[in-house]
Every structure is written in C-alpha cells, then in structure tokens.
Amino acid sequence: MSLSRMLSSATLLAAIALVFVVFAADAENAVEIQLSYKDKKFDPAEIGAPANTPIAIKLRNLGAGAMEFESKTLHVEKVVAAGGDATINVRAQKPGRYEFFDEYNEKTARGALVVK
Ligand SMILES: [Cu+2]
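Residues numbered from 1 in each chain as written. Predicted model: local features only at pLDDT ≥ 70, side-chain atom pairs only at ≥ 80, totals over all residues. Heavy atoms only, no water.

This next bit is on the pairing of strand 4 (residues 55–61). Among the 7 residues that make up strand 4, 5 are buried, leaving the element largely enclosed by the rest of the structure. The pairing of strand 1 (residues 31–38) with strand 4 spans 7 bridges and is parallel. Looking across to strand 4, one finds that Glu32 is bridged to Ala56. Two elements, strand 4 and strand 7 (residues 85–90), share 6 bridges in a ladder whose sense is antiparallel. Within strand 7, the residue paired with Ala56 across the bridge is Asn89. (Buried < 20%, exposed > 50% of the residue type's maximum accessible area, 1.4 Å probe, protein only. Helix = DSSP H or I, 4+ residues; strand = E, 2+ residues; numbered from the N terminus. Pairing = 2+ DSSP bridges.)

Every protein donor of the copper ion is listed here as Glu68 (OE), Glu70 (OE), Glu77 (OE) and Glu103 (OE), and their distances to the metal cover 1.8 to 2.1 Å. Geometry at the copper ion is irregular, judged from its 4 donor atoms and the angles of 73 to 157 degrees they form at the metal. By relative accessible area, which is 9% here, Glu68 ends up buried. (Donors = N, O, S within 2.8 Å, 3.2 Å for Na, K, Ca; no water. Tetrahedral: all angles 85-135°; square planar, octahedral: opposite > 155°, others 65-115°.)

Attention shifts here to the packing of aromatic side chains. Tallied over the entire structure, the rule returns 4 aromatic pairs. Here Tyr37 and Phe42 contribute two aromatic rings whose centre-to-centre distance is 4.8 Å and whose plane-to-plane angle is 55 degrees, an arrangement assigned as tilted. The class of Tyr37 is buried, set by a relative accessible area of 5%. Since its relative accessible area comes to 6%, Phe42 is described here as buried. An angle of 85 degrees between the planes, with centres 4.9 Å apart, marks the rings of Phe42 and Phe100 as edge-to-face. Of this pair, Phe42 sits in strand 2 (residues 41–43) while Phe100 is found in strand 8 (residues 96–102), placing the two residues 58 residues apart along the sequence. Considered together, Phe42 and Phe100 belong to a single accessibility category, that of buried residues. (Phe/Tyr/Trp six-rings, centres within 6.5 Å; stacked < 30°, edge-to-face > 60°.)

As summarised here, the arrangement of the 5 strands in space is 3-9-8-5-6, forming an open sheet in which the pairing is mixed. Each edge of the open sheet is held by one strand with a lone partner, namely strand 3 (46–49) and strand 6 (76–80). Put simply, the sheet's adjacent strands are angled 20 degrees from each other on average, direction ignored. (Axes fitted to C-alpha atoms, helices over the stretch in contact; angles between N-to-C directions.)

Along the polypeptide, Ser36 turns up in strand 1. Residue Ser36 is classed as buried on the basis of its relative accessible area of 16%.

This next bit is on the pairing of strand 9 (residues 110–115). Most of strand 9 is tucked away, with 5 of its 6 residues classed as buried. Across 4 bridges, strand 3 lies against strand 9 in parallel orientation. When the bridges of strand 9 are listed, Ala49 appears paired with Val115. Here strand 8 pairs with strand 9 via 6 bridges, running antiparallel. Within the sheet, the bridge partner assigned to Phe101 lies in strand 9 and is Arg110.

Right under this line is the structure:
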C-alpha cells in the first residue's frame with residue numbers, strides 16, 4: 001500500500017469515526033420539551049425550541065384513548081397508548097413553525113413547534 005493510499009484510508013476512518021461521534025452527541029444534547037395531550041388538545045398548544053438543536057419531545061397522553069402524534073414537516077409519527085408516554089426525537093431544525101397533530105383527530109387536535 002502506498003503512503004497516499006494509507007493516508008486516504010486513515011482519513012476515511014477518521015471521517016467515519018466523526019460521524020458516529022456527531023450522532024451520539026445529537027441525542028445527548030437534545031433540548032427536552034414537555035408536552036401533554038388530553039381531550040383532543042395539546043397542552044401547551046404551542047411549544048418552542050432553539051434552532052439547529054436536536055429536540056426531544058416528552059409526550060404524555062393523559063387521555064382515555066390512544067393517540068398518534070404526527071408531523072409531516074418534522075417527519076415524525078408515533079402512537080401513544082392511553083395513559084402512556086413517549087419520547088419523540090426530532091432532528092435539529094431551521095427557524096420556522098412546524099405543525100403537528102393527533103392523526104386520529106386531525107382537524108381539531110393540533111399544535112405547533114416554533115423554532116427560533
Ligand atoms: Cu400516521
């Protein structure tokens with residue numbers, strides 16, 4: 001193996017290692033947001049988070065039935081059983097308003113994540 005090939009292999013390995021470190025850091029540095037759901041309403045109806053930071057939405061379903069948290073713009077969906085809780089991991093986002101809803105009650109049960 002030539003020196004230049006060895007160097008490029010080493011560079012590739014370093015790049016791969018860096019990717020793993022970045023992914024691990026992502027989950028650890030996530031901003032946690034508490035959100036609850038009951039009677040077809042999110043509480044609070046609007047949540048906020050800083051831009052360019054991974055987000056962990058801690059959702060508690062206080063209702064009597066299952067719900068499905070969904071956001072098309074955030075690319076997440078998760079079913080949460082009655083009385084259950086779930087963590088919804090959201091990638092770092094650009095500033096903006098990202099709507100979410102309970103897919104089982106899409107017209108009325110809506111909320112938004114405002115990223116600044
Ligand atoms: Cu769905």
